[in-house]
Amino acid sequence: MVSCGQAAQEVTDLPLRRVLIIDTEGSTRPAFVQFMEGFRAEFAKQQGTHFEVFTENLELSRMGRDANDDRTMTWLLEKYRGWPFDVIISTSDATLRFLLRNRSQFTLQTEIVSVERLPRNAMADDKHVSILSCDLPEAARRTVRLASHILPELREVAFVAQTRSHPKAAEAVLEQLQLTAETIGLNFLPLVDLPLGELRATLAGLSNQTAVVYLNYTVDEDGNDYVPAELLETLCRESASPFFGMSESYLGRGVVAGVGFSLREIGREAAQLVSSPASIEEQAVRAVAAEILVDARVLDRFGIPRDRLPADARVLFDPPQFWQEYWLQITAGVAMLVIQGVLLLTLAIQYRQRVRAEQTVSEQRDQLAHAGRVSMMGQLAAALAHELGQPLGAILNNVEAAAMLLQNDSSANATELRDIISDIAADEERADLVLARIRSMIKQQTFTVSRIDPVAVVRDAATLAQVRLKNAGISLIVDCPASLPEIAGDSILLQQALLNLINNSADAIGAAGDRKGLAGAITICLRQEDRSAAFSVSDNGGGIDEQTHSLEQVLQPFQTSRTDGMGMGLPIVATIAEQHDGSLRLENRPGDGLTVTLTVPFAVSAESLRKRRRIS
Amino acid sequence: MTKTVHVVDDDDSFLRSMGRRLRGHGYTVETYPSVADFLLRSDPEAPGCVLTDLQMPQRDGFELQDRLTESSNPLPVVFVTGKGDIRTSVRAIKAGAEDFLTKRVSTDELLMAVERALARCDQERIIRRQQQEARAKIAALPPREKQMLLGIVRGVPIRDYAEELGVAERTVKHYRTLLTRELGLTAAVDLARLVQDAGFTVEQLAEMTEE
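Reading guide: rules and limits
- What you see as residue numbers is a count from 1 along each chain, following the sequence as written.
- By the order in which they are written, chains take letters starting at A while ligands take numbers starting at 1.
- Only residues with pLDDT of at least 70 are given local features in this predicted model, and only at 80 or more are side-chain atom pairs given and counted; all residues enter the totals for whole chains, interfaces and linings.
- In this text, helices come from DSSP runs of H or I with a minimum length of four residues, and strands from runs of E with a minimum of two, each type numbered from the N-terminal end.
- Exposure criterion: with C-beta atoms placed from backbone coordinates, a residue whose C-beta has 20 or more other C-beta atoms within 10 Å is buried, one with 12 or fewer is exposed, and one in between is partly exposed.
- Placing C-beta atoms from the backbone, we regard two residues as in contact once those atoms come within 7 Å.
- Only Asp, Glu, Lys and Arg are considered charged, only Ala, Val, Leu, Ile, Met, Phe, Trp, Tyr, Cys and Pro nonpolar, and every remaining residue, Gly among them, polar.
- To obtain an axis, a line is fitted to C-alpha atoms, over the contacting stretch when the element is a helix, and the angle between two such axes runs from 0 to 180 degrees between their N-to-C directions.
- For classification, angles of less than 35 degrees are called roughly parallel, those exceeding 145 degrees roughly antiparallel, those between 65 and 115 degrees roughly perpendicular, and all remaining angles oblique.
- Pairing between strands is defined by DSSP: at least two bridges between them are needed.
- Confidence of the prediction at every residue is given by pLDDT, a number between 0 and 100.

Chemist: Whenever I open this one, the overall build of chain B confuses me. Can you help?
Modeler: Of the regular secondary structure elements, chain B holds ten helices and five strands. Within chain B, the proportion of its 211 residues that are buried is 33%. For chain B, contacts bridging at least 24 residues in sequence account for 59% of all contacts bridging at least 6.

See below:
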């Protein structure tokens, strides 16, 4: 016995109502548990009356007894002697039958609230019986309708029930199912009161075109007792058919849906009736609305789209939306991604800045190297001019003086003339020393022969020249085949030769550009010429004015029109061409430009080059 | 008076040969191996010109030119250089060099440069002599006449000046005639030119009268 009334000592002045909830089955049956949940929840709200609530779970079917058992009633009456009840709540038809059969044993004033599974109970003509009616046949009808609606392939409706606990209800449901199934053109397969083994075998053999409507199954042929909801779970697992249940307690056990009565709702209704005695008399029958309950998981298993469900269906066990379930993880993940993204971006920007800085540094280095070369050449030129200027000036002076001496006086002073001649000789020697010094300086460059790719030479020279040309606003065109045979030589020297030619062209363009305002362009071209690679550098710098300089002259050292140069550009190239057994060719287009072509023979073998060099 | 061409160069061979070359063309030549030697030995009053190397150890050609400009008898300077870059030549010409030659100079260029320098030397000497003479004449005037001269060259109307000195206009006119005659001039307007030739400003002249 369970009392859920408030403590007596606190509320002695309140009117007392004593309630007995009686159930013919066990207290752990889900249907009963849910009923009690609803009852307690509603009951807790009631105030103004002191209640004493007792529950009796008779467990008749488990004990192998039935509702006609007199001993149980005798025992109950004995137990509650001296405890008059104001209200007795009967949770099922069977319980009501049991109660009414012994109606005389109770105080006639005792009110009975009966939860029934049939629209009307023939026995409920007792004026003290108030009925909470759950229209099971109607629910069965709606179940079949629902099944045929959500399963378009449906051919058959099977019905699983045991009639022993609620024979009338089961029969009424069966009738209604059959009628409905036939009405909409479905086959009807009653599986009522079958031994459990046979039932399972039959169910396992069914296809998904059969909807199984499950009412209950409590005891098998060997007297084993089952909780209907738990057995349902096993049956669902074994069968390919979609199951439909007729109670809220069946939801979550594997049924697709159930048109059933919420037992919690029934519990709440019962509690309301108990707490207001007046309503019991006024409303002898109170109908509980059936609900369409759907198990989302099973829906998904049978691939039933949600839009087939009727609008009033309540979907249970809907798996939480991905976002709802994992919002924290998702947020954290996205945040991580964003942070990582920002980090990556930052790193990328830093990397780019570094690359750019390195590029700038390398450009500056190139420029510096170039400036260094230029200033070195300039210094060399100045030194040369000064060093050679002295002796040459002296020689010139002496020659002129000697000439004057001889002109003024034919019998010139021989001593004076001798002095002059010896001075000239000394100065010539000085000049020669200067030249020897410079020669030794230039000779320090070593000449290393190896097999080299002429294309690479052109590419490297173009890269090196790019900085200066870009600054000067001169475009550089490289016209180069994908590959040429290798040549034998010193790649550094050849590069220097090309750079000298490019520099010459750039200078010519710089000078011409001021005059004509033309866009400067230099073309480096690599071609095969007989058995040689021909490197040519062309410009649009106006060419050489042959009236002031002959083409032979420009190949001589120290011929320059510039103040900062020493006129070594072309002579050095000529020397390099010679060192490579090649040739240097000038093609002057006065008023347009100059093309200088340097040819270097292809490498036959390193051996042959050496031989050739020895001969020459 | 013979004009001397002074050649300054630290390169012994070049110095000697240049001396020979110029002598061959009939010039009187003095050679100096350094600027210091030139400053020590050359006659500051003698006419002529200087042919100097630009780059020399210790004092270079520019320094020599500076020293000459400061002296009472600046000789025209012709630079001779082994380098001949634009910057140096511009600097030299700006500093008042007569010419700028390279060491390997042709005879024509050399002679033209020397002749030009010597001509300029003559010209400058004439101007300087005139100046000195004018100065001497003015300096020799008695104070009263100097005062009158100042008034005349100042360009103030005679009447105003006479009033300023508290003398008759006629007196001023008399002094003007006297001064013109004493200074050996033909017209009164030449008085102003004389003061100009002397290189005196009105203020300098005023200072002299106050002495």
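Chemist: Explanation requested: the interface of chain B and chain A in the structure shown.
Modeler: Interface size is commonly expressed as the accessible area that is lost once the parts come together. Listed by partner, the interface residues are 18 residues for chain B and 20 residues for chain A. A total of eight residues in the side of chain B that touches chain A trace back to one element, the largest contributor, which is helix H1 (residues 12-24) of chain B. Its residues placed into classes, the side of chain B that touches chain A shows three nonpolar, seven polar and eight charged.

Chemist: Quick question: what am I supposed to make of the packing of helix H7 (residues 158-165) of chain B against helix H8 (residues 169-182) of chain B here?
Modeler: What describes two packed helices is the angle between their axes and the distance between those same axes. Residue and element names in this part refer to chain B. Contact geometry of H7 with H8 gives a least axis separation of 8 Å together with a crossing angle of 110°. Judged by the inter-axis angle, H7 sits roughly perpendicular to H8. Taken together, the residues of H8 that come into contact with H7 (itself represented by Ile158, Arg159, Tyr161 and Ala162) are Glu169, Thr171, Val172 and Lys173. Class assignment of the residues belonging to the contact of H7 with H8 gives a composition of four nonpolar, one polar and three charged.

Chemist: Whenever I open this one, the sheet that holds strand E3 (residues 48-53) of chain B confuses me. Can you help?
Modeler: Strand pairing in a sheet is mediated by backbone hydrogen bonds. Such pairs are either parallel or antiparallel. Residues and elements named next belong to chain B. Read from one edge to the other, the open sheet built from five strands follows the order E2-E1-E3-E4-E5, with strand pairing classed as parallel. Lying at the two open borders of the sheet, with one neighbouring strand each, are strand E2 (28-32) and strand E5 (99-102). Strand-to-strand twist of the sheet, defined as the mean angle between neighbouring strand axes without regard to direction, takes the value 20°. Of the pairings in the sheet, the one linking strand E1 (residues 4-8) to E2 comprises five bridges and is parallel in character. Bridged to histidine 6 within E2 is glutamate 30.

Chemist: Sorry if this is basic, but what is going on with the sheet that holds strand E7 (residues 187-192) of chain A here?
Modeler: All names here are of chain A. Strand order in the open sheet made by the seven strands is E7-E6-E8-E9-E10-E12-E13, with mixed pairing throughout. The sheet terminates laterally at E7 and strand E13 (314-316), the two strands that pair on one side only. Put simply, the sheet's adjacent strands are angled 25° from each other on average, direction ignored. Summarising the sheet, strand E12 (residues 291-295) and E13 pair through three bridges and their orientation is parallel. Along E13, the bridge assignment pairs valine 294 with valine 315. The sheet strands contacting helix H5 (residues 136-150) are strand E6 (156-161), strand E8 (210-214), strand E9 (243-245), strand E10 (257-260) and E12, and the helix crosses E10 at an angle near 155°.

Chemist: Any chance you could explain the pairing of strand E5 (residues 129-133) of chain A here in plain terms?
Modeler: It is a general feature of regular strands that their side chains alternate between the two faces of the sheet. Residues and elements named next belong to chain A. Most of E5 is tucked away, with five of its five residues classed as buried. What you see with E5 is no split at all: Val129, Ile131 and Ser133 on one side and Ser130 and Leu132 on the other are buried throughout. Pairing analysis gives five bridges linking strand E4 (residues 111-116) to E5, with the strands arranged parallel. Opposite valine 113, over in E5, you have serine 130 as the bridge partner. Bridging between E5 and strand E11 (residues 285-287) involves three bridges; their strand directions are parallel. Pairing of leucine 132 across the sheet is with arginine 286, part of E11.

Chemist: Quick question: what am I supposed to make of the environment of glycine 252 of chain A here?
Modeler: Residue and element names in this part refer to chain A. Among the structural elements, glycine 252 can be located in the loop between E9 and E10. For the pair glycine 252 and valine 294, spaced 42 residues apart in the sequence, the C-alpha separation amounts to 9.0 Å. Glycine 252 has contacts with Asp295, Leu316 and Phe317, leaving out every residue within four places of it along the chain.

Chemist: Even after reading the chapter, I still don't get the confidence of the model for chain A, so can you show me in this structure?
Modeler: Fine structural detail should not be taken from predicted coordinates in areas where pLDDT scores are low. All names here are of chain A. Across chain A, the average pLDDT comes to 79, with 81% of residues at or above 70. Segment residues 1-11: pLDDT under 50, and 16 contacts once partners within four positions in sequence are set aside and those in other chains are kept. Counted against residues more than four places away or in other chains, residues 562-566, with its pLDDT under 50, gives 13 contacts.

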